[in-house]
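# Topology and contacts: notes
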Number of protein chains: 4
Amino acid sequence: MASQYQIFLDEIAAELRPHFAKGKVADYIPALAAVPADRFAMAISSVDGDDCGVGDADTRFSVQSISKVFTLTLALKAMGGKLWERLGREPSGDPFNSLVQLEHEHGIPRNPYINAGALVVVDCLLDTYSDPKSAILEYVRDITGSDDIDFDSEVARSEAEWGYRNRALANFVKSFGNLHHDVDTVLDTYFHHCALAMSCRELAFAFEHLADGGVSRRLGREVTTAQQTKRINSLMLTCGLYDSVGNFAYRVGIPAKSGVGGGIAAVIPGKLSVCVYSPGLDDGGNSLVGTLALERFTAKTAISIF
Amino acid sequence: MASQYQIFLDEIAAELRPHFAKGKVADYIPALAAVPADRFAMAISSVDGDDCGVGDADTRFSVQSISKVFTLTLALKAMGGKLWERLGREPSGDPFNSLVQLEHEHGIPRNPYINAGALVVVDCLLDTYSDPKSAILEYVRDITGSDDIDFDSEVARSEAEWGYRNRALANFVKSFGNLHHDVDTVLDTYFHHCALAMSCRELAFAFEHLADGGVSRRLGREVTTAQQTKRINSLMLTCGLYDSVGNFAYRVGIPAKSGVGGGIAAVIPGKLSVCVYSPGLDDGGNSLVGTLALERFTAKTAISIF
Amino acid sequence: MASQYQIFLDEIAAELRPHFAKGKVADYIPALAAVPADRFAMAISSVDGDDCGVGDADTRFSVQSISKVFTLTLALKAMGGKLWERLGREPSGDPFNSLVQLEHEHGIPRNPYINAGALVVVDCLLDTYSDPKSAILEYVRDITGSDDIDFDSEVARSEAEWGYRNRALANFVKSFGNLHHDVDTVLDTYFHHCALAMSCRELAFAFEHLADGGVSRRLGREVTTAQQTKRINSLMLTCGLYDSVGNFAYRVGIPAKSGVGGGIAAVIPGKLSVCVYSPGLDDGGNSLVGTLALERFTAKTAISIF
Amino acid sequence: MASQYQIFLDEIAAELRPHFAKGKVADYIPALAAVPADRFAMAISSVDGDDCGVGDADTRFSVQSISKVFTLTLALKAMGGKLWERLGREPSGDPFNSLVQLEHEHGIPRNPYINAGALVVVDCLLDTYSDPKSAILEYVRDITGSDDIDFDSEVARSEAEWGYRNRALANFVKSFGNLHHDVDTVLDTYFHHCALAMSCRELAFAFEHLADGGVSRRLGREVTTAQQTKRINSLMLTCGLYDSVGNFAYRVGIPAKSGVGGGIAAVIPGKLSVCVYSPGLDDGGNSLVGTLALERFTAKTAISIF
């Protein structure tokens, strides 16, 4: 018998079908532009054991900025509060790849979820790990139980080839002394972690502990402390949706992190993690159908953090 | 016998006593600068009937920007979603009285909780109410049951006398056509609603329905719809603390609205409203001791929205 | 027999006739919007005694920002270098009525030729003159010999009625403490001096001394010192054309001050002053045909400062 | 017998001796930081044949941004007005290496004399010349008659090693599509042309034609057309001194281009070119003693363009 959550997912998929190809697939790199616009997937992992999905829930896609949650998690575990000496935690109010604020604020990125912030987080990981790319892979493989999760090397290569803006950001932060490692090494790690390929189901697993105070149901152990969990979630709510955080909080009202690949991973504290995928983006760079799906999900379930 | 919440409040007051006079009392108008720096008060109104307080919980102070929640509430009830045609709902990432973003965004304020946004909200109220000042008073008197809540006319006069920045904001918004009414009329209403004098206990009453899906326990009826409630709360979380929203969410993690008078009114959805008062401000313009008190409260009670 | 300059003016008027109604007449106040788009006038006053004109050279129009040269002159004569404690002398790189830079630079306007700067200059005049409006009139009447030059009261009234942006600027500067006098008094003087009505011939007279080291040929005496003259001219070149100074210097290459009324008054040091009028403005807010006319004039005469 | 200009130079050197080590030597790369702070040199090349100098007028130094005049000259000769499709000609009002304006203006640099603009000019040269570095050397060797002028390879290497900000600018402009060539190739050319080592006397020769309508007295032929000359000069006046153009025009009043190496090359149209060198910089990044020297020179000679 289908779980209640499964029923909701099926309803949402049916209701949104007419919208499936809406939005604009990211085309700043060829590897992303090639994705079929009408793909849709959604998966849930609840704290009380209900794992369900709809659509292409087992098809991997490019998680892009969603991976910033993984690097932030590793950095918080490694450095704790010292991370905030090199990084803010305020919404930027500017596009995710803006250099303006960075100039006014002397190379201290506003938060870990904009590109400049993630570059600093990656730089921090280079202090802790000899090979951060392997550390990131190891972390997501462990937490999801999928040993074959990997970087999409074609996407990583394409990011490196076309990543002038990120290269500008990295050199700019470096010019303020806020990257300690070699720019090319930081960028290589950054481009790879953006190119992580995961399915909705895997992402739901990877975020489930954030709905349960940091304890992974699947692993049966604490992944992040209660305080770390609360903070990762609060940063998603205030900074996770580029410059649409306010609008997303208003419409959907739960902590979430989006990626330009079309994925959004979200958390309803105490209840569940939910991940949606649809590659067409809205003007704010977030999955258009994905946002609709999450809006409907919180409306149907009437579970909200507010 | 003292309630559990009362015990927490007493502990917090005792623990924070050494910090009481810390921070910088707002001095941009003489009427605020005169307030004793070491005042402290805190009050709770829980959805299941526990009303408690500590310190000067019945002493009124200048609520300042906290009143923006009341005007937003009235405007949402009057206009619904049409309000957002003249106003954004994104965090500003700039100081509360900045004109920079307003120029780049052609007179559309980022959100209703920065000054420019509240001026537009007040302008909207002038479409609905012949006398918005009376309407505001009536609303807060009704919801708190305190018939003698009033504007502090000395503060209102002082705001008007020294309010060059707000006068600049109002004329600037008007120059973009986003104020429909006379600038002086809008400013008079704005300066008065900032000058509302209420106690912590009254503010806790006034916010209690936001913790209970919109239904006021005291009044026994719906004040805001479930959807309006969710949205007012989400806007507090993403925009309620000036340019410290991210930091506040990270440390405290609940929707709140602060005022430069030293008050912070906060909501823990499903549980309670809590209001704290201490006039010394931190660098972000929020009550320094008030933020500490709320941080301890969420730590002690272990109730968080994340 | 026609002077050589008269021949040039006649040629230019004939050549530009097909362009006469081009550009967009300023319409931010009704009094300016009513001006016929195809008016054209040009006048010269040379240091060796050649005064000539073409078109409506004796018809008065609203000089608008050109009057900023007169107030700057009066302020420099009254205060000397102390003026620069309250004012910069750098091009703004932003629109003439921008508030952005003013916020970043704490109420110190970039230069005396943007609106905020002129407001500060007017405020300075209020320290020196009990009635700056009369002082301005007296100055321009004296230097031109036209005793009936006056403010266009309809334009002044219209400016005051619609001047939300200038009112915003004045209050904003005041909020930083960089206006010492009452905002309304400063604005009244400002709106009047913008509303000065003069003809091209009168403007040419009023600028002639700036072409002759400060000595007025007509008056036979020094109006500004050699150093003041050099500095007023250099400020026109670097700051006199709103955010088109570079383009104007590139194309025309002489110090000039424009007004949104459609006038441009220019100086060729050592040679002459030249004033042109045509109300249609280009995208930069400068007279479109006026700029063309000056470009041709410097090409024909082959006299340039570069 | 000493020429009049020689007498002025000797006087200025004597008068400024007490100031010689003032200002702050550029230290962003080690190769520049090592220069003795008290060096001083000045040289003149007049259109009527007076070449004179004082101090270390034959000692070469790093011309840095002064070389932007050479690349602009080559690009104007090669492309004419088409250059301005990729580049503005307005003062920036922001620091020379700012990225802010570039973001707001979508990768079109404000003018050819800020770093981003010079990168675009260099990119244009790559369309015309197979080896722009050689073309630049050839041009300055020809115009000065000094066949051994060369790039200081130590400075070029140091620029490349520490040039994170320029690398950020180049990648940023590239991200907007306004660099057509490979970022590393553009930067290599850029870093080399900044590292050009020339003496004051050589720079005076190299700018002399700009004082004589484009005709080089030494070469006896036209280097730039009259129109190109006028335009290169006007761009120096409005954009040549970073964000101190207005102040420099006010105090000195002649077209000039400065470099962070401590050189300033200036032009008095119709009269002479003058170059000064003193490595200590003022807050605006221009040679402190160099600016004083030019200010005195224009005061003593009473020759000004205004």
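Residues numbered from 1 in each chain as written. Chains lettered and ligands numbered in written order. Predicted model: local features only at pLDDT ≥ 70, side-chain atom pairs only at ≥ 80, totals over all residues. Heavy atoms only, no water.

### Brief notes about the pairing of strand β10 (residues 263-268) of chain B
Residues in a regular strand point their side chains to alternate faces of the sheet. Residues and elements named next belong to chain B. Which entries qualify depends on this criterion: Partly exposed residues are those whose accessible area sits between 20% and 50% of the maximum for their type, while under 20% is buried and over 50% is exposed, using a 1.4 Å probe and protein chains only. Counting from the N terminus, the helices are DSSP H or I runs at least four residues long and the strands are E runs at least two residues long. Should DSSP find at least two bridges between two strands, the strands are taken to pair.
Extensive coverage of β10 is indicated by the burial of 6 of its 6 residues. Burial along β10 is two-sided: the residues Gly263, Ala265 and Val267 and Ile264, Ala266 and Ile268 are all buried. Where strand β9 (residues 256-258) and β10 come together, 3 bridges link them in antiparallel fashion. Paired with Ser258 across the bridge in β10 is Ile264. Following β9, the chain reverses through 4 residues before pairing antiparallel with β10; Gly262 in that reversal takes a positive phi of roughly 110°.

### Points about the environment of Pro132 of chain D
All names here are of chain D. Test applied: Contact criterion: two residues are considered in contact whenever any of their non-hydrogen atoms come within 4.5 Å of each other.
When you line up the elements, Pro132 lands in helix α6 (residues 132-144). Sequence separation between Pro132 and Val122 is 10 residues; the distance between their C-alpha atoms is 7.8 Å. When neighbours within four sequence positions are excluded, Pro132 is seen to be in contact with Leu125, Leu126 and Thr189.

### Considering the side chain of Arg89 of chain C
Stated precisely, the cut-off is as follows: Two residue types count as positive, namely Lys and Arg, and two as negative, namely Asp and Glu; His and chain ends fall outside the count. Each salt bridge in this description consists of a side-chain nitrogen of Lys or Arg and a carboxyl oxygen of Asp or Glu lying within 4 Å of one another. Under the rule applied, a polar contact is a pair of N or O atoms within 3.5 Å (in protein, one hydrogen donor and one hydrogen acceptor; residues adjacent in sequence only if both atoms are side-chain atoms).
Residue position: Arg89 of chain C is located in the loop between α3 (67-79) and α4 (100-104). This buried residue, Arg89 of chain C, is left without a salt bridge; Glu90 of chain C holds the nearest opposite charge, at 6.2 Å. A distance of 2.6 Å separates the side chain of Arg89 of chain C from the side chain of Asn247 of chain D, its partner in a polar contact. When residues no more than four places from it in sequence are discounted, the contact partners of Arg89 of chain C are Trp84, Arg110, Asn111, Leu235 and Cys239 of chain C together with Gly246, Asn247, Tyr250 and Arg251 of chain D.

### A closer look at the relation of the copies chain A and chain B
Each copy of the chain is related to the other by a rotation around an axis and a translation along that axis. Here is the rule: Each copy is superposed on the other by least squares, with the fit set by C-alpha atoms of residues at a pLDDT of at least 70 in both.
After a rotation of 180° and a shift along the axis of 0.0 Å, chain A superposes on chain B with an RMSD of 0.0 Å. The transformation just described matches what one would write down for a two-fold rotation axis. The share of interface residues of chain A whose copies in chain B are also at the interface is 100%, consistent with both copies meeting through the same surface.

### Here's the deal with the pairing of strand β10 (residues 263-268) of chain A
All names here are of chain A. Strand direction decides the pairing type here: β10 and strand β11 (residues 272-277), joined by 6 bridges, are antiparallel. Looking across to β11, one finds that Ile268 is bridged to Leu272. Taking the residues that link successive antiparallel strands as the turn, the β10-β11 hairpin has 3 residues, and the phi of Gly270 there is positive, at about 90°.

### Thoughts on the interface of chain A and chain B
Here is the rule we go by: Joining two parts hides part of their accessible area as seen by a 1.4 Å probe, and the buried area is that hidden amount summed over both. Ten residue types, Ala, Val, Leu, Ile, Met, Phe, Trp, Tyr, Cys and Pro, are classed as nonpolar, four, Asp, Glu, Lys and Arg, as charged, and the remainder, Gly among them, as polar.
Listed per partner, the contact involves 32 residues of chain A and 32 residues of chain B. Summed over both partners, the interface of chain A with chain B comes to about 2700 Å²; 58% of that surface belongs to carbon and sulfur atoms. Taken as a group, Lys230, Tyr250 and Phe306 of chain A account for 32% of the area that chain A buries against chain B, more than any other trio of residues on that side. On inspection of chain A and its partner chain B, the count reaches 0 salt bridges. At the boundary of chain A with chain B, the tally comes to 14 residue pairs in polar contact (both at pLDDT 80 or more). Here the element with the most residues in the side of chain A that touches chain B is helix α11 (residues 226-239) of chain A; it accounts for 7 residues. The residue inventory of the side of chain A that touches chain B, partitioned by class, reads 13 nonpolar, 11 polar and 8 charged.

### Description of the interface of chain C and chain B
Taken residue by residue, the interface counts 15 residues in chain C and 15 residues in chain B. For the chain C face of the interface with chain B, the top three residues by lost area are Glu103, Tyr164 and Asn171 of chain C, together amounting to 38%. For the pair chain C and chain B, the interface holds 0 salt bridges. Inspection of the chain C/chain B interface yields 0 residue pairs in polar contact (both at pLDDT 80 or more). Where the side of chain C that touches chain B is concerned, the elements lending two or more residues are α4 and α8 (164-175) of chain C. Partitioning the side of chain C that touches chain B into residue classes produces 7 nonpolar, 4 polar and 4 charged.

### Observations concerning the sheet that holds strand β4 (residues 61-62) of chain D
Residue and element names in this part refer to chain D. Spatially, β4-β6-β5 is the arrangement adopted by the 3 strands of the open sheet, whose pairing is antiparallel. Here the strands that pair on one side only, and so sit at the sheet edges, are β4 and β5 (150-151). Taken together, the 2 bridges between β4 and strand β6 (residues 196-198) define a ladder with antiparallel strand orientation. In the strand pairing of β6, Phe61 is matched with Met198.

### What to know about helix α3 (residues 67-79) of chain B
Residue and element names in this part refer to chain B. So the rule is basically this: Given the number of residues in a helix, its expected span is that number minus one, multiplied by 1.5 Å.
Across its 13 residues, α3 extends 18 Å between first and last C-alpha, which sits within 8% of the 18 Å expected from 1.5 Å per residue. Summarising burial for α3: 10 of the 13 residues are buried, a large majority. Considered for burial, the residues of α3 that qualify are Ser67, Lys68, Val69, Phe70, Thr71, Leu72, Thr73, Leu74, Ala75 and Leu76. Downstream of α3 by a residue or two, Gly80 has a phi angle that is positive, lying close to 60°.

As far as function goes, none of this settles anything; it's purely spatial.
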